[in-house]
Amino acid sequence: MGKGGMSSGEENSNNNNNNNNNNMAAWLLGVNNLKIQPFNLPALGPYDVRVRMKAVGICGSDVHYLKTLKCAHFVVEEPMVIGHECAGIIEEVGTQVKTLVPGDRVALEPGISCWRCDLCKEGRYNLCPEMKFFATPPVHGSLANQVVHPADLCFKLPENVSLEEGAMCEPLSVGVHACRRANIGPETNVLVMGAGPIGLVTMLAARAFGAPRIVIVDVDDYRLSVAKQLGANEIVKVSTNLEDVAGDVTAIHKAMEAAAREVDVIGVFRYKNTWPLCIEFLRSGKIDVKPLITHRFGFSQQEVEDAFETSARGGNAIKVMFNL
């Protein structure tokens, strides 16, 4: 199986470790088939830490995997532990870990790059072709009692930042990386297309980067109302009918108060080096992600099923969070 753990039937080089006795995880076994089952951890490496998960959010990609067993070109071909937006408490550290100790509260960056390829050496490790990313097949995720992860991808949380907020660093990182890529600043007016979780955190990040005017567009009245409550200067509801496109474009143009005569298309894939800034935004209060967490569930079989159904249904669910 993938990096991060083994199924209960596989050999574990650390099979005498009592920590595996009660470690359970949410396994994706098939379409609409999630089961809580034992999850054996790998041996703790010298630069690794063992983390007890306390907060794990559901991402849209998790829902795609549950409903279709694929997301973009990533395909689930064997049972996989789900989840990648996470934070927890350090339980054990490797012999060479100097920056963390048991009891530290940390947010986890979920992707482990190779650090050997040209992209990694250039600092663009988010594009590493050998990336091992939580819950991106065949790599196991973090919706589990405990995981083992590199210490340098675990970021200590300040006292005034909760574990739920720590888990929200993952989606917030997408917005922060997008704002960096787009050079958002005090002279930048921003249009955000879509008021789902990523659109909303991008709006919050753009404001923290100094954007003076932010317009957000969506088809859903509730999500637009949330965007307005979170500080959008203008909201625009667009139609799902293609015949209405011309009118929708006019409405967006009016809300932006300017015509875009030059457009640069810049791609964004995940993020890089964002956790420290995200944590500082949360610590300082420049960004408040707490209103985005609309639903909370525990970690029983029924609650896991209910949580994913709530997230998949949409409606008034923005971010669905597990408290373990």
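Up top is the structure.
An account of the accompanying structure is given in this report. (Residues numbered from 1 in each chain as written. Predicted model: local features only at pLDDT ≥ 70, side-chain atom pairs only at ≥ 80, totals over all residues. Heavy atoms only, no water.)

1. Notes on the packing of helix α4 (residues 169–181) against helix α5 (residues 197–208)
Remark: α4 packs on α5, axes separated minimally by 8 Å, with the N-to-C direction vectors making an angle of 55°. For the element pair α4 / α5, the angle class is oblique. Judged by the twist between their axes, the crossing of α4 over α5 is right-handed. Side by side, α4 and α5 meet where Pro171, Leu172, Val174, Gly175, Val176 and Cys179 of the first sit next to Ile198, Val201, Thr202, Ala205 and Ala206 of the second. Here the contact of α4 with α5 is composed, by residue class, of nine nonpolar, two polar and no charged. (Axes fitted to C-alpha atoms, helices over the stretch in contact; angles between N-to-C directions. Helix = DSSP H or I, 4+ residues; strand = E, 2+ residues; numbered from the N terminus. Parallel < 35°, antiparallel > 145°, perpendicular 65-115°, else oblique. Left-handed = near helix turned anticlockwise from the far one by under 90°. Contact = heavy atoms within 4.5 Å. Nonpolar A, V, L, I, M, F, W, Y, C, P; charged D, E, K, R; others polar.)

2. Thoughts on the sheet that holds strand β15 (residues 213–218)
Ordered by their spatial adjacency, three strands build an open sheet running β14-β15-β16, and the pairing between neighbours is parallel. Lying at the two open borders of the sheet, with one neighbouring strand each, are β14 (189–193) and β16 (234–237). Strand-to-strand, the axes of this sheet are offset by a mean angle of 15°, without reference to chain direction. Seen against the sheet, α5 touches β14 and β15 and runs at an angle of roughly 175° to β15. Across the face of the sheet, helix α6 (residues 221–229) comes into contact with β15 and β16 while running at roughly 175° to β16. (Pairing = 2+ DSSP bridges.)

3. Remarks on the nonpolar core
Leu172, Leu200, Ile216 and Ile287 are the most contacted members of the largest nonpolar core, which totals 51 residues. Going through the elements one at a time, α3 (163–167), α4, β14, α5, β15, α6 and α8 (275–284) are the ones with two or more residues in this core. For this core, the element with the highest residue contribution is α5, accounting for seven residues. When neighbours within four sequence positions are excluded, Ile216 is seen to be in contact with Val192, Gly194, Ala195, Gly199, Leu200, Met203, Leu224, Ala227, Ala232, Glu234, Ile235 and Val236. In this structure, Ile58, Val81, Phe134 and Val320 belong to the second largest nonpolar core, which totals 43 residues. (Core = buried A, V, L, I, M, F, W, Y, C linked by side-chain atoms within 4.5 Å. Buried < 20%, exposed > 50% of the residue type's maximum accessible area, 1.4 Å probe, protein only.)

4. With respect to the pattern of salt bridges
Summed over all chains, the structure comprises 13 salt bridges. Of the charged contacts in the structure, one is a salt bridge between Arg50 and Glu91, with a shortest N-O distance of 3.3 Å. Highlighted residues: Arg50 in strand β4 (residues 48–57) and Glu91 in strand β8 (residues 85–93), separated in sequence by 41 residues. Look at Arg50 and you get buried, because its relative accessible area is 7%. (Salt bridge = Lys/Arg side-chain N within 4 Å of Asp/Glu carboxyl O.)

5. Examining the packing of aromatic side chains
Per the stated rule, a full pass over the model turns up seven aromatic pairs. Note on Trp27 and Phe39: the rings are 5.8 Å apart at their centroids and 85° apart in plane angle, and the pair reads as edge-to-face. Residue Trp27 is located in strand β2 (residues 24–30), and its partner Phe39 is located in strand β3 (residues 33–40); the two are separated by twelve residues in the primary sequence. Arranged with centres 6.1 Å apart and planes meeting at 40°, the rings of Phe308 and Phe322 form a pair that is tilted. In this pair, Phe308 sits in helix α9 (residues 301–313) while Phe322 sits in strand β18 (residues 319–323), placing the two residues 14 residues apart along the sequence. We note that Phe308, like Phe322, is buried. Members of the aromatic cluster, joined through ring pairs, are Phe133, Phe155, Tyr271 and Trp275. Between the NZ or CZ atom of Arg270 and the centre of the ring of Phe133, over which it lies, the distance is 3.8 Å. (Phe/Tyr/Trp six-rings, centres within 6.5 Å; stacked < 30°, edge-to-face > 60°. Lys NZ or Arg CZ within 6 Å of the ring centre and 35° of its normal.)

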